[in-house]
Amino acid sequence: MKRIIVFASGSGTNAENIIKYFHERKIAEVTHVFSNNLHAKVLKRAHNLKVKALHFDRVSFYDTNDVLNILKDAHPDIIVLAGFLWMFPKKIIDAFPNKVINIHPALLPKYGGKGMYGDHVHEAVVRNKEKESGITIHYVNEQYDEGAIIFQAKISIAESDTAKDVANAIHQLEYKHFPVVIEQVLGLRDEK
């Protein structure tokens, strides 16, 4: 059974979707959910789904090896960032080469980088009158949203669409594609 660890900072709907997806398939499991936000709903979602939920602070993530050592002990086959807002430290990326992936709610390289997350992305996309947006799943490196792209999916945007409309459509893309791409990266599914 392949082991997945999810990092998230907020609500955790993607994390919940991933946990349920693999729970049904019994080919991999989310063993832990980590959050940098003690009040993040993702911790409660994980707890409710009987997945270990861990909170950490900046010191244990960046200044000590506390989080790194927990990850090493957990032996993940993949680390998935699902709405995780902090820059991932080089020491963790180096310890798990090509095993850390992220989802971004835009078609990178557009609308990526520091400060470009969640509604900030969708508001910028609508403000700039883009005709399409989408999701990008990519490997994590030491720069925000600059790792090698694994997968992208697009939506069309109508002139009348609000940032909320775009956000809702993007969420549907995330729920549909993210677990499948994780499965592919783990070598559990042929690419289609």
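The preceding data block contains the structure.
Note that this is a predicted model, so its numbers are computed, not measured.

**Points about the overall build of the protein chain**
And then number 1: Scanning the protein chain for helices and strands turns up seven helices and seven strands.
And then number 2: Its helices and strands in sequence order give the protein chain the pattern β-α-β-α-β-α-α-β-α-β-α-β-β-α, from N to C terminus.
And then number 3: Radius of gyration (C-alpha) of the protein chain: 16 Å, near the 16 Å computed for a compact globule of 192 residues.
And then number 4: When burial is assessed residue by residue, the protein chain has 46% of its 192 residues classed as buried.
And then number 5: In the protein chain, of all internal contacts separated by at least 6 residues, the share reaching a separation of at least 24 is 67%.
And then number 6: In the structure as shown, the protein chain presents an accessible area of about 10,100 Å², 49% of it carried by carbon and sulfur atoms.
And then number 7: One finds the centroid of the 25 positive side-chain charges in the protein chain at a distance of 4 Å from the centroid of its 23 negative side-chain charges.

**What about the pairing of strand E3 (residues 52–55)?**
And then number 1: Sheet topology note: the strand E2 (residues 28–35)/E3 ladder contains four bridges and is parallel. Bridge assignment links His 32 to a residue of E3, and that residue is Lys 52.
And then number 2: Between the parallel elements E2 and E3, the chain passes through helix H2 (residues 41–48) in a crossover that is right-handed.

**Re the nonpolar core**
And then number 1: The biggest cluster of nonpolar side chains holds 38 residues, and the ones touching the most others in it are Ile 4, Val 6, Val 30, Val 33, Val 80, Phe 178 and Ile 182.
And then number 2: Ranked by residue count, the leading element in this core is helix H7 (residues 163–185), at six residues.
And then number 3: What Val 80 contacts, discounting residues up to four positions off in sequence, is Ile 4, Ile 5, Val 6, Phe 7, Ile 18, Ile 101, Phe 178 and Ile 182.
And then number 4: Grouped together as the second largest cluster of nonpolar side chains are 19 residues, Ile 5, Phe 34, Ile 79 and Phe 96 included.

Analysis parameters
Residues numbered from 1 in each chain as written. Predicted model: local features only at pLDDT ≥ 70, side-chain atom pairs only at ≥ 80, totals over all residues. Heavy atoms only, no water. Helix = DSSP H or I, 4+ residues; strand = E, 2+ residues; numbered from the N terminus. Rg over C-alpha atoms; globule rule 2.2 N^0.38 Å. Buried < 20%, exposed > 50% of the residue type's maximum accessible area, 1.4 Å probe, protein only. Contact = heavy atoms within 4.5 Å. Areas by Shrake-Rupley, 256 points an atom, 1.4 Å probe, with all protein chains shown as cover. Lys, Arg positive; Asp, Glu negative; His and termini not counted. Charge placed at Lys NZ, Arg CZ, Asp CG, Glu CD. Pairing = 2+ DSSP bridges. Right-handed = clockwise from strand over helix to strand, strands pointing away. Core = buried A, V, L, I, M, F, W, Y, C linked by side-chain atoms within 4.5 Å.

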